[in-house]
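A structural walkthrough
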Amino acid sequence: MAVPVAFFALFFAYPVTAIVGRGLKAEGAWQFGRIGEVLSRPDILDVLWFTTWQALASTALTLLIALPGAYVFARFDFPGKQVLRAVVTVPFVLPTVVVGTAFLALLGRGGLLDELWGVRLDTTVWAILLAHVFFNYAVVVRTVGGLWSQLDPRQEEAARVLGAGRFAAFRRVTLPALAPAVAAAALMVFLFTFTSFGVVQILGGPAYSTLEVEIYRQTAQLLDLPTAAVLTLVQFAAVGGILAVHAATVRRRERALKLVDPAQTSRRPRGAGQWALLGGVLLTALLLILLPLGVLVERSFDGPGGYGFGYYEALQSVGAGGSSTFLVPPLEAVGNSLRYALVATLIALVIGGLAAAALTRRAGRLVRGFDALLMLPLGVSAVTVGFGFLITLDKPPLNLRTSWILVPLAQALVGVPFVVRTMLPVLRAVDDRLREAAAVLGASPLRAWREVDLPLVRRAVLVAAGFAFAVSLGEFGATVFIARPDNPTLPVAVARLLGRSGELNYGQAMALSTILMLVCAVSLLLLERIRTDRSGEF
């Protein structure tokens with residue numbers, strides 16, 4: 001536990017505490033009265049209300065649209081199922097900047113809807129809600145569908161034999177068993193939408209602001225650290241409560257259910273109703289997921305002189321078309337992002353792997369507190385972390401302000417929770433008697449780990465590395481503060497291009513977003529192949 005605790009203390013707790021302290025301290029004394037002053041301001045109350053309201057609306061809409069998809073993936077067996085599962089999961093690993101850009105190409109000025117019917121939805125709440133559904137569709141499908149596929153269908157069939165109708169059997173038998181998974185998925189969707197930044201920043205315009213967006217505005221644009229500090233504490237408290245409820249829900253799910261092999265519950269659709277349901281889910285995936293991504297790709301090739309590679313070619317030069325957005329060719333952001341993400345993945349695997357190994361040793365409250373510590377980066381504004389890096393890691397012996405390692409360190413903070421959540425269940429499933437037998441035969445702890453644990457968790461390590469790589473590749477909130485002008489990442493480069501007027505900047509943003517989408521999609525497809533590779537089962 002020592003290395004992960006030291007890592008989080010130095011690169012998470014220290015920067016966050018410093019930035020909050022600067023906002024709430026005056027002349028060396030804490031000014032807690034500022035909390036009441038900030039929270040009583042009408043503009044801040046509007047931000048809090050919109051943040052909560054849009055998160056609730058996004059969660060409800062996501063559940064309404066995604067639950068039929070969860071049922072189809074859980075109960076039906078059809079050609080192309082694995083490919084479709086990977087397709088609907090692509091949005092979840094996409095950077096929020098790419099999601100915002102894709103919906104801007106679909107719903108914004110000059111977008112597909114604007115060209116066909118003269119309708120614009122950007123700078124409206126509907127654009128934000130639809131983008132959130134797009135982003136979180138896979139959360140519900142994976143969480144609820146994964147459990148649904150393991151529920152024994154004979155229980156519902158027995159209720160039907162005893163006289164219950166189809167709806168009554170579902171309501172009294174299946175729904176209570178699914179309730180913990182539905183609640184867990186809903187809480188995770190609420191968490192992701194409550195802390196939304198890139199989507200709201202690009203699609204919401206000046207009219208809409210979530211807590212995360214307002215923290216960025218107060219910090220980077222207005223330099224109002226007291227207000228930013230109070231909003232950071234509010235977001236931290238709210239997300240901490242969400243994570244606590246989520247943890248309780250997961251524990252309930254683990255205790256309450258007896259599961260069966262998913263292969264026993266999946267079959268081909270029967271009857272017109274089931275085929276219609278399958279068709280509806282396929283149509284939803286086409287309109288909600290493939291259409292925005294397809295429009296994004298189409299816009300990246302649609303240049304002033306017709307379709308071609310003009311925008312991609314412009315990425316290779318500095319100041320194309322008179323633009324001075326970058327000090328280096330925008331295409332260099334691809335190599336920067338890949339290098340940063342690889343280093344961040346390595347850091348996340350080391351820190352997350354050690355943390356997961358420590359959590360397999362059950363030690364009561366100490367371990368539970370350590371587990372909660374690992375989830376804290378999901379509850380604190382990434383903007384606060386990035387700005388905290390700038391004001392704390394600028395003095396010897398940790399003068400990293402101008403160092404390239406600052407970006408991978410910030411990205412690794414977000415990747416560690418994914419590594420832990422991927423590896424922990426597998427490590428806990430390893431029989432302790434195997435380690436004990438190796439020790440009896442004379443193996444040292446290191447060799448026992450190498451010979452016993454590593455072969456069993458190798459695939460989980462690869463999956464964890466893939467998730468950490470995808471998450472690091474798309475990190476934006478902290479990186480936007482600390483990425484150097486001559487070494488931008490892909491999400492930062494896209495945001496810079498979208499922030500400047502001009503058709504060339506817009507087209508280059510579409511081209512860079514397409515490149516970033518392809519890199520993330522390839523990572524996900526490799527993950528899906530590893531996950532479904534039966535030869536590596538344990």
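These notes cover the structure that comes with them. (Residues numbered from 1 in each chain as written. Predicted model: local features only at pLDDT ≥ 70, side-chain atom pairs only at ≥ 80, totals over all residues. Heavy atoms only, no water.)

**Overview of unusual backbone geometry**
- In this structure, leucine 223 is a non-glycine residue whose phi angle is positive, near 55°.
- The topology assignment puts leucine 223 in the loop between helix H11 (211-221) and helix H12 (225-256). (Helix = DSSP H or I, 4+ residues; strand = E, 2+ residues; numbered from the N terminus.)

**Thoughts on the environment of valine 494**
- With respect to the helices, strands and loops of the structure, valine 494 is situated in helix H22 (residues 490-498).
- The buried category is assigned to valine 494, whose relative accessible area is 0%.
- Sequence-wise, valine 494 and tyrosine 506 are twelve residues apart; in three dimensions their C-alpha atoms are separated by 9.0 Å.
- When residues no more than four places from it in sequence are discounted, the contact partners of valine 494 are Val97, Thr101, Ala509, Leu512 and Ser513. (Buried < 20%, exposed > 50% of the residue type's maximum accessible area, 1.4 Å probe, protein only. Contact = heavy atoms within 4.5 Å.)

**Digging into a nonpolar patch on the surface**
- The grouping of Leu283, Leu286, Leu287, Leu290 and Leu291 at the surface amounts to a nonpolar patch, some 420 Å² of accessible area in total.
- Looking at the element boundaries, leucine 287 is found in helix H13 (residues 271-301).
- Owing to a relative accessible area of 48%, leucine 287 belongs among the partly exposed residues under this scheme. (Patch = residues over 30% accessible without salt bridge, like charges linked within 9 Å, V, L, I, M, F, W, Y side chains within 5 Å. Areas by Shrake-Rupley, 256 points an atom, 1.4 Å probe, with all protein chains shown as cover. Salt bridge = Lys/Arg side-chain N within 4 Å of Asp/Glu carboxyl O.)

**So, the side chain of asparagine 336**
- Structurally, the position occupied by asparagine 336 is in helix H15 (residues 332-359).
- Classification of asparagine 336 by relative accessible area gives buried; the value is 2%.
- Within the local environment of asparagine 336, its side chain forms a polar contact with the side chain of arginine 339, the two groups lying 2.6 Å apart.
- The contacts of asparagine 336, once residues within four sequence positions are left out, are Asn487 and Pro488. (Polar contact = N/O pair within 3.5 Å; in protein donor to acceptor, adjacent residues only side chain to side chain.)

**Regarding the nonpolar core**
- Formed by 157 residues in total, the largest nonpolar core has its most connected members in Phe7, Leu94, Phe389 and Leu512.
- With 15 residues, the single largest contributor to this core is helix H7 (residues 125-148).
- When sequence neighbours within four positions are dropped, the list of residues in contact with phenylalanine 389 reads Phe11, Pro15, Leu406, Leu409, Ala410, Leu413 and Ile482. (Core = buried A, V, L, I, M, F, W, Y, C linked by side-chain atoms within 4.5 Å.)

**Quick notes on the environment of leucine 518**
- Structurally, leucine 518 can be placed in helix H23 (residues 503-531).
- Here leucine 518 falls in the partly exposed class, since its relative accessible area comes to 48%.

**Notes on the environment of glycine 108**
- Tracing the sequence through the fold places glycine 108 in the loop between helix H5 (96-107) and helix H6 (112-117).
- Separated by twelve residues in sequence, glycine 108 and arginine 120 have C-alpha atoms that sit 5.4 Å apart.
- With near-sequence residues (within four places) excluded, glycine 108 lies in contact with Phe103, Asp114, Arg120 and Asp122.

**A closer look at the pattern of salt bridges**
- Evaluated as defined, the whole model comprises six salt bridges.
- The shortest N-O distance in the salt bridge between glutamate 115 and arginine 299 comes to 3.4 Å. Of this pair, glutamate 115 sits in helix H6 while arginine 299 sits in helix H13; the two residues are 184 residues apart in sequence, bridging distant segments of the chain.
- Since its relative accessible area comes to 52%, glutamate 115 is described here as exposed.
- Classification of arginine 299 as buried rests on a relative accessible area of 8%.
- Salt-bridge contacts for arginine 217 lead to glutamate 214; the nearest nitrogen and oxygen are separated by 2.8 Å. Of this pair, arginine 217 and glutamate 214 both sit in helix H11, three residues apart, which is roughly one turn of the helix.
- Given a relative accessible area of 31%, arginine 217 falls into the partly exposed group.
- Looking at glutamate 214, the relative accessible area reads 3%, which means it is buried.

**Things to note about the packing of H15 against helix H20 (residues 445-474)**
- At a minimum axis distance of 8 Å, the contact between H15 and H20 shows a crossing angle of 135°. By the criterion of interaxial angle, the relationship of H15 to H20 is oblique. Crossing handedness for the pair H15 and H20: right-handed. Across the interface between the two elements, Ser337, Leu338, Ala341, Leu342, Ala344, Thr345, Ala348 and Leu349 from H15 touch Val461, Ala464, Ala465, Ala468, Phe469, Ser472 and Leu473 from H20.
- Split into classes, the residues belonging to the contact of H15 with H20 amount to twelve nonpolar, three polar and no charged. (Axes fitted to C-alpha atoms, helices over the stretch in contact; angles between N-to-C directions. Parallel < 35°, antiparallel > 145°, perpendicular 65-115°, else oblique. Left-handed = near helix turned anticlockwise from the far one by under 90°. Nonpolar A, V, L, I, M, F, W, Y, C, P; charged D, E, K, R; others polar.)

**A few points about the side chain of threonine 479**
- Assignment of secondary structure puts threonine 479 in helix H21 (residues 479-482).
- Its relative accessible area of 0% is what places threonine 479 among the buried residues.
- Separated by 2.4 Å, the side chains of threonine 479 and glutamate 475 make a polar contact.

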